[in-house]
Amino acid sequence: MSKTKSSESVKVVVRCRPLNRKEESNGPAGGIVQMDLRLGQVILRNPRAPPSEPQKTFTFDAVYDANSKQRDLYDESVRPLIDSVLAGFNGTIFAYGQTGTGKTYTMQGAWLDPEKRGVIPNAFDHIFTHISRSQSDKQYLVRASYLEIYREEVRDLLDPNHANARALELRESPDTGVYVRDLTSCVCKSIKEIEEVMNMGNQARAVGATDMNEHSSRSHALFLITVECSQPGPDGRKHIRVGRLNLVDLAGSERQAKTGVQGERLKEAAKINLSLSALGNVISALADGRSGHVPYRDSKLTRLLQDSLGGNAKTVMVATLGPASQHYDETLTTLRYANRAKNIQNQPRVNEDPKDALLREFQKEIARLRAQLNHRKWRSKQKKEQVDGEGWDDDTAGEEEEEVEKEAEEYVKQEEQRLEMEKEAIRGDRFLLAEEKQRLLGEKERMMGDLRKEQEATEHLTAKYKAMESKLLVGGKNIMDHTNEQQKMLELKRQEIAEQTRKEREMQQQMLVQDEETLELRETFTSLQQEVEAKTKKLKKYLKLYAKLQCIKAEIQDVNDEHVRSRQELEQTQNELTRELKFKYLIIENFIPPEEKNKIMNRLTFDPEEDQWKFQPLVPTESKSSQMKKRPASAVGYKRPISQYARVAIAMGPHSRYRAENIMFLELDMTPLNTASLDRSTEAEPNQSPSQDNSPTKDRGVRKSRSWCQTQKSITSSSSNASLVACHTSTPTAAQ
Ligand code: ADP
Ligand code: MG
């Protein structure tokens with residue numbers, strides 16, 4: 001399955017949006033982000049630090065400042081990735097950054113303005129233009145899906161019943177990696193169709209947003225495009241390559257706890273933070289390279305992006321920044337995140353002839369329909385030739401299909417006319433009996449009906465065949481006119497320029513590194529003058545090194561601060577959750593009987609696949625009938641199950657005091673005791689209980705009626721009827 005296997009790192013580009021009106025009006029402080037486009041560097045100024053503190057510099061594969069155009073970002077950083085997807089690689093682009101820094105703008109942009117169209121619409125253009133320009137022996141099938149992850153639940157945005165749909169499950173297969181089960185996927189034949197799919201999903205998202213405030217910046221959105229391409233290989237067989245493209249707009253990365261949220265919102269924030277911090281942990285583990293375990297399973301997002309981070313995919317990360325000084329902390333975090341992601345190594349490979357290629361299924365189905373259709377048409381043609389008196393000739397087998405179709409149609413027409421004429425003839429025949437006439441007419445009518453049915457079936461089959469075939473896109477169908485050719489040239493030139501810029505930047509970055517190294521080499525000096533120069537240079541170098549050291553020290557301090565902050569935040573969340581847990585425990589301990597609790601506990605199992613605790617069914621589903629709990633057997637001769645007590649009672653014969661099971665103790669109210677002699681007499685008095693209980697009853701107040709359903713404890717504590725208790729405990733089945 002794999003063809004070319006090599007390792008390449010995740011490409012990380014950074015984009016900074018312009019100051020917005022509110023930020024501009026906040027003061028003349030201006031932005032804190034500076035960019036060196038030539039070197040691909042971002043320089044960040046700390047607005048709270050003294051001017052003497054060195055600024056922080058980060059280097060990336062490319063940087064885009066406030067004046068950058070959507071088209072530039074696409075041509076330089078995204079186009080090569082989409083080309084790879086069209087060649088059968090997996091590709092992922094994800095936008096990461098604080099809310100309001102331009103993630104959605106970068107991924108989607110303003111659709112109606114050609115200048116402001118984002119990565120997704122540009123990718124649509126790119127894919128379908130590529131298909132229309134490719135060679136005619138290539139067949140393509142393009143599919144799109146759209147999902148979002150909200151509160152750790154995967155939801156299908158193309159499901160018409162989105163709002164009420166249950167969360168989807170993630171599954172893993174050795175062929176495709178992690179995938180979403182039962183996710184809707186739409187076959188798209190044109191840019192317009194795929195745009196409609198996108199709009200449909202966006203609407204579903206927007207509806208969610210009105211229900212839950214700011215929903216969109218709290219959910220991760222994934223648009224998935226699968227491009228399957230079949231092409232005859234050197235061995236003459238058709239080979240299929242499958243490229244999968246994930247376009248991801250992540251939720252805002254800012255700290256939700258900052259806003260002081262509580263309750264449901266806190267849980268929601270914890271879940272968003274959970275998936276983002278899981279993403280951070282995955283990136284750290286991969287960038288580090290030393291830790292063997294990568295915690296992909298910690299969140300749905302990281303599981304879905306498993307292949308894109310450290311697996312079989314080419315990945316571009318667009319980190320978005322805002323230039324405002326009040327968001328210095330978040331901007332620094334984003335840059336750190338992005339800086340770490342640069343070190344992730346992926347192993348992309350071409351997905352060739354996977355087992356689950358839909359294109360193969362389509363091709364098979366089309367071939368089957370075509371064979372069926374041809375068979376029908378040939379049959380009609382054959383009949384026509386028999387009617388015409390022509391002999392069936394094998395030479396005609398090579399005839400053009402169109403001719404066959406025409407002849408088949410003609411045959412149907414002729415047959416209809418013939419039957420019509422025959423009917424007329426029957427009607428006009430005076431020698432036939434009325435009954436016979438009716439029968440013959442009926443027969444002809446039936447024949448006509450059959451003919452029509454046959455024709456309808458053929459038409460139905462043709463429609464199905466055409467619909468199926470139209471879903472497959474064939475390369476080179478667009479006639480390459482002059483303007484098209486020119487446009488292609490223009491695009492090629494643009495691509496070349498983008499490539500050139502990229503190379504130039506890489507060289508600049510390399511030169512910068514080399515500069516520092518060469519300084520060391522020039523150490524031989526002949527004169528004092530030179531020595532002085534050399535020493536000055538050395539000093540300069542040391543100064544530079546010192547500055548670097550300061551930078552790193554500051555960075556360590558920052559990282560520590562950040563760590564402390566996130567720990568505090570986690571502690572706060574933990575406290576909140578512990579409080580809730582204690583509350584739940586309290587309820588369980590005080591309001592749920594221990595045996596019920598145990599029953600529930602015994603039924604609980606952990607499902608690692610879904611990362612959830614689940615209840616086992618009360619009765620195992622496979623043997624429901626055989627495992628049903630048995631009804632207690634009734635004593636022979638009795639209609640109903642009978643308790644031990646009742647049996648004893650029957651054996652003992654009727655007792656005047658216990659006629660029914662509901663026993664009521666009605667003891668006399670005693671006058672308060674005030675003399676010693678009376679007291680003694682009470683003790684001497686025999687126990688009133690029929691079972692001769694030896695625990696004397698001190699409580700002489702009014703007794704309330706008691707029945708069998710009282711618990712054992714309450715009976716022993718308040719009544720002297722120990723024998724009843726004995727009966728009661730010895731017959732658990734009856735008590736149940
Ligand atoms: P996010 O998705 O990160 O929350 P948005 O993409 O919604 O942020 O951007 C917030 C606002 O900033 C939008 O009004 C958008 O038009 C504007 N914006 C973002 N990036 C740019 C940019 N590069 N150029 C111009 N406007 C931008
Ligand atoms: Mg957004």
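Heads up: these notes are all about the structure in this document. (Residues numbered from 1 in each chain as written. Chains lettered and ligands numbered in written order. Predicted model: local features only at pLDDT ≥ 70, side-chain atom pairs only at ≥ 80, totals over all residues. Heavy atoms only, no water.)

**Quick word on the overall build of the protein**
Line of reasoning, step 1. Helices and strands together make up the secondary structure of the protein, namely 20 helices and 19 strands.
Line of reasoning, step 2. Expressed as a percentage of its 736 residues, the buried residues of the protein come to 37%.
Line of reasoning, step 3. Contacts in the protein between residues far apart in sequence, at least 24 positions, make up 70% of those at least 6 positions apart.
Line of reasoning, step 4. In the form shown here, the protein has an accessible surface area of approximately 45,400 Å², with 53% of it arising from carbon and sulfur atoms. (Helix = DSSP H or I, 4+ residues; strand = E, 2+ residues; numbered from the N terminus. Buried < 20%, exposed > 50% of the residue type's maximum accessible area, 1.4 Å probe, protein only. Contact = heavy atoms within 4.5 Å. Areas by Shrake-Rupley, 256 points an atom, 1.4 Å probe, with all protein chains shown as cover.)

**Regarding the site of ligand 1**
Line of reasoning, step 1. Close contacts around ligand 1 come from Arg15, Arg17, Pro18, Gln98, Thr99, Gly100, Thr101, Gly102, Lys103, Thr104 and Tyr105, and that covers them all.
Line of reasoning, step 2. Here Gly102 contributes a backbone N or O atom positioned 3.1 Å from an oxygen atom of ligand 1.
Line of reasoning, step 3. Contact distances for ligand 1 include 2.7 Å between an oxygen atom and a side-chain N or O atom of Thr104.
Line of reasoning, step 4. The greatest single-element share of the shell around ligand 1, amounting to 3 residues, is contributed by helix H3 (residues 103-107).
Line of reasoning, step 5. For the shell around ligand 1, the residue count by class is 2 nonpolar, 6 polar and 3 charged. (Near = heavy atom within 4 Å. Polar contact = N/O pair within 3.5 Å; in protein donor to acceptor, adjacent residues only side chain to side chain. Nonpolar A, V, L, I, M, F, W, Y, C, P; charged D, E, K, R; others polar.)

**Looking at the sheet that holds strand S5 (residues 56-59)**
Line of reasoning, step 1. Here we have 3 strands laid out as an open sheet, ordered S3-S4-S5, and antiparallel in their pairing. In the strand order of this sheet, the two ends are held by strand S3 (33-36) and S5, each with one partner. Strand after strand, the sheet turns through a mean of 20° between neighbouring axes, direction not considered.
Line of reasoning, step 2. The sheet contact formed by strand S4 (residues 41-44) and S5 spans 4 bridges and is antiparallel. By the bridge assignment, Ile43 is partnered in S5 with Thr57.
Line of reasoning, step 3. The strands touched by helix H8 (residues 328-341) are S3, S4 and S5; relative to S5, the strand with the most contacts, the crossing angle is about 35°. (Pairing = 2+ DSSP bridges. Axes fitted to C-alpha atoms, helices over the stretch in contact; angles between N-to-C directions.)

**Some details on the nonpolar core**
Line of reasoning, step 1. Grouped together as the largest cluster of nonpolar side chains are 48 residues, with contacts concentrated most on Val14, Val42, Phe60, Leu147 and Leu279.
Line of reasoning, step 2. Not counting chain neighbours up to four residues away, the residues in contact with Leu279 comprise Leu250, Leu301, Thr302, Leu305, Leu309 and Tyr337.
Line of reasoning, step 3. Ranked by size, the runner-up nonpolar core spans 42 residues in total, among them Met198, Cys229, Val316 and Leu473. (Core = buried A, V, L, I, M, F, W, Y, C linked by side-chain atoms within 4.5 Å.)

**Some words on the packing of helix H2 (residues 70-86) against helix H4 (residues 119-133)**
Line of reasoning, step 1. With their axes 10 Å apart at the nearest point, H2 and H4 run at an angle of 45° to one another. Classified by the angle their axes make, H2 and H4 are oblique. The interaxial crossing formed by H2 with H4 has right-handed handedness. When H2 is examined against H4, the residues Arg71, Leu73, Tyr74, Val78, Arg79, Ile82, Asp83 and Leu86 are found in contact with a partner set consisting of Val119, Asn122, Ala123, His126, Ile127 and His130.
Line of reasoning, step 2. Broken down by class, the residue content of the contact of H2 with H4 amounts to 8 nonpolar, 3 polar and 3 charged. (Parallel < 35°, antiparallel > 145°, perpendicular 65-115°, else oblique. Left-handed = near helix turned anticlockwise from the far one by under 90°.)

**Here's the deal with the packing of aromatic side chains**
Line of reasoning, step 1. Tallied over the entire structure, the rule returns 6 aromatic pairs.
Line of reasoning, step 2. Where Trp111 meets Phe124, the ring centres are 6.1 Å apart and the plane angle is 50°; that geometry is what we call tilted. Of the two residues, Trp111 sits in the loop between H3 and H4 while Phe124 sits in helix H4, which places them 13 residues apart along the sequence. Neither residue differs from the other here; Trp111 and Phe124 are each classed as buried. (Phe/Tyr/Trp six-rings, centres within 6.5 Å; stacked < 30°, edge-to-face > 60°.)

**Quick word on a nonpolar patch on the surface**
Line of reasoning, step 1. Nonpolar side chains collect at one region of the surface, where Phe583, Ile587, Phe591 and Ile592 lie side by side and expose about 410 Å² of accessible area between them.
Line of reasoning, step 2. When you line up the elements, Ile587 lands in helix H13 (residues 528-591).
Line of reasoning, step 3. A relative accessible area of 34% means that Ile587 is categorised as partly exposed. (Patch = residues over 30% accessible without salt bridge, like charges linked within 9 Å, V, L, I, M, F, W, Y side chains within 5 Å. Salt bridge = Lys/Arg side-chain N within 4 Å of Asp/Glu carboxyl O.)

**Let's talk about the pairing of S3**
Within a regular beta strand, the side chains point alternately toward one face of the sheet and then the other, so they alternate between its two faces.
Line of reasoning, step 1. Here S3 shows one buried face, formed by Val33 and Met35, and one open face, formed by Gln34 and Asp36.
Line of reasoning, step 2. Pairing of S3 with S4, which is carried by 4 bridges, proceeds in the antiparallel orientation. Bridged to Gln34 within S4 is Ile43.
Line of reasoning, step 3. Where S3 folds back onto S4 in an antiparallel hairpin, the turn is made up of 4 residues, including Gly40, whose phi is positive at roughly 70°.

**Quick notes on the pattern of salt bridges**
Line of reasoning, step 1. Tallying each qualifying case throughout the model produces 32 salt bridges.
Line of reasoning, step 2. One salt bridge in this structure joins Asp75 and Arg79, with 3.0 Å as the shortest N-O distance. Here Asp75 pairs with Arg79, and both are found in helix H2, just 4 residues apart, close to one helical turn.
Line of reasoning, step 3. According to the relative accessible area criterion, Asp75 is buried, its value standing at 9%.
Line of reasoning, step 4. Taking the relative accessible area as the measure of exposure, Arg79 reaches 6% and is therefore buried.
Line of reasoning, step 5. In this structure, Glu491 and Arg133 form a salt bridge, with 3.5 Å as the shortest nitrogen-oxygen distance. With Glu491 in helix H12 (residues 482-521) and Arg133 in helix H4, the pair connects residues that are 358 residues apart, well separated along the chain.
Line of reasoning, step 6. Three or more residues are tied together by salt bridges with common partners; here these are Arg71, Asp75, Arg79 and Arg494.

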